[in-house]
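Working through the structure, step by step
Given next are the chains, with one letter for each unit.
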Amino acid sequence: MKPVPHATSLRRAPVQRRSAERLTRILDACADLLDEVGYDALSTRAVAQRASVPIGSVYRFFGNKRQMADALAQRNLERYSERVTQRLRQAGEDGGWRTAMDAVLDEYLEMKRTAPGFSLVDFGNQIPVGARHAEPNHRVAGRLTELLSGHLDREPDDDLRRVFLIAVETADTLVHLAFRVAPEGDERIIAEAREMLRAYLARALD
């Protein structure tokens, strides 16, 4: 099971600071509009207007709204990785994989509740973005393998990657169920998900 490379949806990567800031505004506008109108009603023109940039600036980076949503999903994964890394730094080596699992799940729940556009795009699961081989949960499992292998003092091999992929798929299904049941996530379902993950990871990592 090889790591899945991150999808690349940008037509042109920003080189200058001004271009990078413009790209940030475009993705911020995309996220806000996803919350307001949904993916089907999203348009590149509306994103350009919300971001206060010419429509040509949007097309300089993206050929269509699917590519834009994919870039937002990639940015979500980068920000999620940063948040998990920060939590692990604060925790140090205390708690082992249990602390790491709580950081992974808690930060995902926090982004689900607060990050604009995340409920529709998250890491690309809700909307079929990216290439066929770059399934979003493989992206997430690959990134967690990179982030956590050192913290857990484990080799980032196929076995560990498989463990994280199963955990990610399980958490993804149950968290989405929790948010279908309640707008902020049904706490009882989240608690059950946490227990299931603990039981599985205890067998795999202890």
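Residues numbered from 1 in each chain as written. Predicted model: local features only at pLDDT ≥ 70, side-chain atom pairs only at ≥ 80, totals over all residues. Heavy atoms only, no water.

1. Side note on the packing of aromatic side chains
Threshold: A pair of aromatic rings is counted whenever rings of Phe, Tyr or Trp (Trp by its six-membered ring) have centres within 6.5 Å, and the orientation is called stacked for planes under 30 degrees apart, edge-to-face for over 60 and tilted otherwise. Whether a residue is buried, partly exposed or exposed follows from its accessible area with a 1.4 Å probe, protein chains only, as a fraction of its type maximum: under 20%, in between, or over 50%, in that order. Helix and strand labels come from DSSP, where a helix needs a run of H or I of at least four residues and a strand needs a run of E of at least two; each type is numbered from the N terminus. Cation placement over rings: the criterion is NZ of Lys or CZ of Arg within 6 Å of the ring centroid and within 35° of the ring normal.
One pass over the structure, following the stated rule, counts 6 aromatic pairs. Their ring planes at 55 degrees and their centres at 6.3 Å tell us that Phe61 and Phe62 sit as a pair that is tilted. Both residues of the pair, Phe61 and Phe62, count as buried. Both rings, one in Tyr108 and one in Phe118, keep their centres 5.8 Å apart while their planes meet at 70 degrees; by these two values the pair is edge-to-face. Of this pair, Tyr108 sits in helix α5 (residues 96–114) while Phe118 sits in helix α6 (residues 118–121), and the two are 10 residues apart along the sequence. Joined through ring pairs, the aromatic side chains of Tyr80, Tyr108, Phe118 and Phe123 make up one cluster. Lys65 extends its terminal NZ or CZ atom over the ring of Tyr39, reaching a point 4.6 Å from the ring centre. Of note, Lys112 hangs over the ring of Phe179, and the distance from its end group to the ring centre comes to 5.5 Å.

Don't take any of this as a statement about function, it's just geometry.
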